[in-house]
Amino acid sequence: MCDSFDVLWLNASPILKRFDKPLLQYLSEYTRVAQWEYHQTKDEASSIDKAVALLDEFLESYPDSVHLAGHGMSGAIALTFARRFPKKVRSLTLLAVAAQPANTWHAHYYFQRQLFSISREQVLTNSVRNLFGNQPPHTTKKLVAALDKDLEQSPSQHSLFKLVHLPKGGVSMPMMVCGSQNDPVVDPNALNDWLNWFKPEDNIWEYPKGYHFFHYFYPQQVGEQIVSFWQRHHLRSLEVSALTSSSS
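Residues numbered from 1 in each chain as written. Predicted model: local features only at pLDDT ≥ 70, side-chain atom pairs only at ≥ 80, totals over all residues. Heavy atoms only, no water.

Peer 1: Could you clarify how one ought to interpret the confidence of the model for the chain in this entry?
Peer 2: Interpretation of this model should avoid reading the predicted coordinates in detail wherever pLDDT is low. Summing up the model confidence of the chain, the mean pLDDT is 88 and the portion of residues at 70 or higher is 88%. This model gives residues 239–248 a pLDDT under 50, and the stretch forms two contacts once residues within four places in sequence are excluded. (pLDDT = per-residue confidence, 0-100. Contact = heavy atoms within 4.5 Å.)

Next comes the structure, spelled out in structure tokens:
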């Protein structure tokens, strides 16, 4: 088991974890953040259940409940874990996760492949524009390669033959959902659908721009909202940080 921490950030997309880094750097200034990564092997069946089981093993000997957080597919794993093991989760923070949590960028990719007679590379190029906005050609090429790799590595169960669904609904612990108003994957309607399961202590927040990876482009704005949410739900390190700042 690693050193003590308050926040556990999940990542199930090794090739895309670079886009979490700016936000994690911001959050680590305020609290102890640990990262947990899931790497799916080539011969392993795509299923988030394996990731949830491994996460349970990781936290089995950890004495405290944690603030759990994740973006996209990683957020869907966090949500599933929080529902199955609520005593281990102090709060849940989801970024770019729709109320139908299976509606990830992978689902949008396969839907386009089913709907249009265009190549994998053409759909991935469209996906770059949808997820990151317009980018220079050399950047687009690198992002296409990254998304192509993520399709292979992600535990998403979507395929050209079938789009799956996950259970909708809320959780027992405090929850925050964050999104971007110009994200075509988790658009404002998909995000606001969460309100059907909200409790009084839950929170929803949207940034006006940033597309699907808004937390990469605007880490401070996103981080401020998340820290404020955690602070309302007993994040010990924040209290220590506040005392340290006031005395310095």
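From this point, the discussion proceeds with the structure in view.
Peer 1: Which parts of the structure should I look at to understand the sheet that holds strand β4 (residues 89–95)?
Peer 2: The pairing of strands in a sheet happens through backbone hydrogen bonds and is either parallel or antiparallel. Read across the sheet, six strands follow the order β2-β1-β3-β4-β5-β6 without closing on themselves; strand pairing throughout is parallel. Both edges of this open sheet fall to β2 (33–37) and β6 (203–207), since each of them pairs with a single strand only. Sheet twist, expressed as the mean angle between neighbouring strand axes with direction ignored, is 20 degrees. In this sheet, strand β3 (residues 66–71) lies alongside strand β1 (residues 7–11) in parallel orientation, the contact comprising three bridges. Paired with tryptophan 9 across the strands is alanine 69, a residue of β3. This element, helix α9 (residues 219–231), spans β1, β3, β4, β5 (175–180) and β6 of the sheet and lies at about 160 degrees to β4. (Pairing = 2+ DSSP bridges. Helix = DSSP H or I, 4+ residues; strand = E, 2+ residues; numbered from the N terminus. Axes fitted to C-alpha atoms, helices over the stretch in contact; angles between N-to-C directions.)

Peer 1: For this particular structure, what's the right way to read empty space enclosed by the protein?
Peer 2: Over the atoms, a rolling probe the size of a water molecule traces out where space has been left empty. Under the criterion given, the structure shown has two cavities of 30 Å³ or more. If you add up the space inside the largest cavity, you get close to 140 Å³. Secondary structure elements with two or more residues in the lining of the largest cavity: β1, α3 (73–84) and α4 (105–115). Ranked by the residues each element gives to the lining of the largest cavity, the list is headed by β1, at three residues. Residues that form the lining of the largest cavity fall into these classes: six nonpolar, eight polar and two charged. (1 Å grid on protein atoms, 1.4 Å probe; cavity = no way out; pocket = protein on both sides within 12 Å on 5 of 7 lines; lining within 4 Å. Points joined across faces, edges and corners; volume = space filled by probe spheres on them. Nonpolar A, V, L, I, M, F, W, Y, C, P; charged D, E, K, R; others polar.)

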